[in-house]
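Chain by chain, the residues:
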Amino acid sequence: MLLGNKNINEYIKSIKNPIIAYMCTYMPEEIIIACHLHPLRIIPTNDGPDRSNAYLQTYVCPVGKGMLNWGLNNPYENLKGVVVPHSCDTIQKLSDIWRINHITEFHHDLVLPVDMTKDYAEKYTISILKKLLDTLGRVGRPATDKSLHEAISLMNKVRKRIRSIDRTKMSARQFFEICISAMVMDKKEFLENTVDIPLMDSKGKPAMVVGNMIYDMNIFEIFDRVGLKIVDDDICPGSRYFETDVNEGLSPIEGIAKRIIDRPICPTKHTHMYREDYILNKVRKSLAHGVIFIYQQFCEPHLFDYPHIKDALAKEDIPSLFIEIEPSENISQQIYTRLEAFSEMLSQ
Amino acid sequence: MAGRLQSTKRLKEYMTAYYIDAKTAEGSNKKVGWITSGGPVEFLIAMDIIPVYPENHGAMVGATHQGGMLCEFAEKRGFSKDVCSYARSDIGGLLSDDPSKKGPVGGLPNPDMLICCNNICGTVMKWYETVSRYLDVPVYIIDTPVIHTGSIPEEVIDYVAAQFRGYIEFLEKVTKKHLDMDRLFEVSLIANENVTIWNKVLRKCANKPAPMTAFDAFTHMAPIVTLRGTQGVTDYYKALIEELDERTTQGIGAIDNEQYRLLWDNIPVWHKMRDLSTFFANHNAALVADTYTNAWASTNITTEGEKDILSAYAKAYTPIYLNIGIDKMIDVIKGLADIFGVDGLVLHSNHSCKPYSVGQYDIARRFHDETGKPSVIIEGDMTDERSWAQAQVTTRLEAFMEMLEADV
């Protein structure tokens, strides 16, 4: 069984180990697992009343609002706490709001480095990871060298499994449901459930999707319906989660720190390579004919990068389409029509 | 009403001279460094580099009602209206090829380097990356981890101090000059004096009536932000203090009949300074303090007990107002409310500044719960005048004043 928007909550209720929720793919799940806890990426599901408006302004992104709402409406007895890796300004503030309103019993800020080009970023990352390990050890059970190595090996298998799946032979919805499932499910259970994924021929036009935390699977269903085949992506619940592994030859914390520094670029971080060059490389490698930008509204870090990526694509005659999803909006007919037109343009 | 401070004329002359110096640097042997408002400018001063503040420019853009026009240049290029308006107007000015449409000073002098310290927001990194691309100049990022709770941890001090070492190497590489550490120490002491005297200026508003308001402070903050680390800043504020003391001695307040004393939170609405100032004065309310200008009143570089001066810099520049947890911000606000004897809190919910604005609902709630004093939140944008709903703001402020009048 894999998870979609409808059965995530039911699954969470069935989780046996104490749950540590997190808000960003920069979260090193290995550390949570090594402490015998269950890592859970918060996937807002719009269940329950919207209580976030008492805490967040209208111009805060739907991702932040959705995650806060998820916490405020939290029906999960097993949810012990949250770890918030520092990413954007909104998440930084959301973390404080979560903490001072005691939404969960346990709360930890993982204030990761921002500039990944400097040598000392790794040393600093190692020290804050050690603190996280120590803190989580008191919530679950203290990690041992063995439990850390096992957790790393398990997470590497999860990431390798996703990478091994031929996404061109399934619908976009199916592929991203696999990714979301990996972030929510018990990792061993996930691996058992993804041994033989049914494949099919997909004849859509090859395209790549670039965006932020897109968790409403309905948008991906539209891709399939309008004849777009997603051959690669750069989104939070996609390649930014599963690309690159932890080097198992290094000491565990050093290996995890190195992965954080070297993993695919998020717009909240500074690296040697600007994101337009990174995206362009991915487009070339994947042989995508076009790029669809999908952003949850008000996402400043991504919106800063968009003009640069768009210009870089245009220089290479790669068509692109910009879609912004508004808060709590059902996928509109207008978005469907625009994607349909884009798909038709790619086939001309 | 006391009218405009005499010092304002001197301020204009002082800042004009600074801009002329910066604008004429090109072709001379002086380098220009763009730096974020919370950035450690002392290193630039010590190396004789002219610091230029795009945020200060953003304030001028807003005050001269050019925000919308400049933002449109960036929007045409694909920058969303949800991107910070300081950044958008600055980028718009760079993209504009019409010399008459580049901003109030005809555009900023071209930089030789960009110094970006993220202690005020993550936005500045994206903004400076953009400028670095468009102008093809090197950028140095100083990453100051957010101190959500407690005091600054040792690993953060070491991490930020290491970046300050890298900062020196970066500046030496760009300027091909050596930084004299004795000179940096000397500039640091001057910067401390500047900060101390700026704090004294602001504290003058604890007097009743307040001899100036936060609207004056928003204007007179230019030297402490822009020229910190130079003797001229201390000299300028000494004269300003004399003028404020003179007003206090004579019992002259910045507004007539001061009845209500208010605290402002967030960056000013630069394009509505006059209207808001008039509104509050008409309601006998003085904005006697604000969290914004106070952010430059406490950054002390204390080397005593530190490993070295760079650790002192790490400690001074990391836990600043916008780089701490919301509960710590509430403590600062309550402290200011106490010092300045305020009757209420006005919060500008600023579309362009999430680190300042997100969390204000909790701040307002806690401020009321813990002090018993009322607050009001108004929606706006610091520079983009298109994001302003006058009727809505007026209605909210009038309701707030009525509540104050009933309570006080």
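Note that the coordinates shown come from a computational prediction; the quantities given were computed from them, not determined experimentally.

Visitor: Got a minute to help me understand the overall build of chain A in this structure?
Guide: A count of helical and extended segments in chain A gives 14 helices and eight strands. Relative to a compact globule of 348 residues, whose C-alpha radius of gyration would be 20 Å, chain A shows 19 Å and is just as compact. Projected onto its principal axes, the C-alpha positions of chain A cover 60 × 45 × 40 Å. Relative to its 348 residues, chain A shows a buried fraction of 53%. In chain A, the proportion of contacts linking residues at least 24 apart, taken out of those at least 6 apart, comes to 76%.

Visitor: Help me understand the sheet that holds strand β2 (residues 38-41) of chain A in this model?
Guide: Paired through their backbone hydrogen bonds, the strands of a sheet run either parallel or antiparallel. Residue and element names in this part refer to chain A. If you walk across this open sheet you meet the four strands as β2-β1-β3-β4, and the pairing is parallel. Because the sheet does not close on itself, it has two edges, and the strands there are β2 and β4 (106-110). Recorded for the sheet is a direction-independent mean angle of 25° between the axes of neighbouring strands.

Visitor: It is not clear to me how the packing of helix α5 (residues 120-139) of chain A against helix α7 (residues 154-175) of chain B should be interpreted in this structure. Could you clarify?
Guide: A packed helix pair is summarised by two numbers, namely the angle formed by the two axes and the spacing between the axes. Interhelical geometry of α5 of chain A versus α7 of chain B gives an angle of 175° and a closest axis separation of 10 Å. For the element pair α5 of chain A / α7 of chain B, the angle class is roughly antiparallel. Residues Tyr120, Tyr124, Ser127 and Ile128 of chain A of α5 of chain A lie in contact with α7 of chain B, whose contacting residues are Glu155, Tyr159, Ala162 and Gln163 of chain B. Looking at the contact of α5 of chain A with α7 of chain B residue by residue, the classes come out as five nonpolar, two polar and one charged.

Visitor: Would you mind showing me how to read the interface of chain A and chain B here?
Guide: Contact residues are listed per partner, giving 38 residues for chain A and 38 residues for chain B. Elements supplying a minimum of two residues to the side of chain A that touches chain B: α4 (89-100), α5 and α13 (300-315) of chain A.

Visitor: Looking at this structure, how should I read helix α11 (residues 231-249) of chain B?
Guide: Counting along an α-helix, one turn takes 3.6 residues, and residues three or four places apart therefore face a common direction. Residues and elements named next belong to chain B. For α11, built from 19 residues, the straight-helix expectation of 27 Å at 1.5 Å per residue is met to within 8% by its first-to-last C-alpha distance of 27 Å. Those residues of α11 that sit buried are Val233, Tyr236, Tyr237, Leu240, Leu244 and Arg247. The buried residues of α11 occupy one face: seen down the axis, they fall within an arc of 90°. Turned more than 90 degrees away from the buried face of α11, the exposed residues are Gln231, Lys238, Ala239, Glu242, Glu246 and Thr249. On its buried face, α11 is in contact with α1 (7-23), α8 (181-203), α9 (214-220) and α10 (222-226). Just beyond α11, the residue with positive phi is glycine 251, at close to 70°.

Visitor: What is the right way to look at unusual backbone geometry in this model?
Guide: The phi angle of most residues is negative, glycine excepted, and most peptide bonds adopt the trans form. Residue and element names in this part refer to chain B. Going from lysine 208 to proline 209, the amide bond is cis rather than trans, its omega being 0°. Its location among the elements puts proline 209 in the loop between α8 and α9. In this structure, histidine 65 is a non-glycine residue whose phi angle is positive, near 60°. Of note, histidine 65 is situated in the loop between α3 (54-63) and α4 (67-77). When the 14 C-beta atoms within 10 Å are taken as the criterion, histidine 65 is described as partly exposed. The phi dihedral of lysine 176 is positive, around 55°, even though this residue is not glycine. Inspection of the secondary structure assignment puts lysine 176 in the loop between α7 and α8. Judged by the 7 C-beta atoms lying within 10 Å of it, lysine 176 falls in the exposed class.

Visitor: Looking at this model, I keep getting lost on the sheet that holds strand β5 (residues 260-265) of chain B. Mind explaining?
Guide: Residue and element names in this part refer to chain B. What the four strands build is an open sheet, ordered β6-β5-β7-β8; its pairing is parallel. Both outer strands of the open sheet, β6 (285-290) and β8 (375-380), are each paired with one neighbouring strand and no more. Strand-to-strand twist of the sheet, defined as the mean angle between neighbouring strand axes without regard to direction, takes the value 30°. Where β5 meets β6, five bridges bridge the pair, whose relative direction is parallel. Pairing of leucine 262 across the sheet is with leucine 287, part of β6. Against the sheet, helix α15 (residues 326-340) touches β5, β6 and β7 (344-350), its axis set at about 155° to β5.

Procedures and definitions
Residues numbered from 1 in each chain as written. Chains lettered and ligands numbered in written order. Predicted model: local features only at pLDDT ≥ 70, side-chain atom pairs only at ≥ 80, totals over all residues. Helix = DSSP H or I, 4+ residues; strand = E, 2+ residues; numbered from the N terminus. Rg over C-alpha atoms; globule rule 2.2 N^0.38 Å. Buried ≥ 20, exposed ≤ 12 C-beta atoms within 10 Å, placed from the backbone. Contact = placed C-beta atoms within 7 Å. Pairing = 2+ DSSP bridges. Axes fitted to C-alpha atoms, helices over the stretch in contact; angles between N-to-C directions. Parallel < 35°, antiparallel > 145°, perpendicular 65-115°, else oblique. Nonpolar A, V, L, I, M, F, W, Y, C, P; charged D, E, K, R; others polar. Expected span 1.5 Å × (residues − 1). Arc of directions from axis to C-beta.

By themselves, these are just geometric observations and shouldn't be taken as functional.
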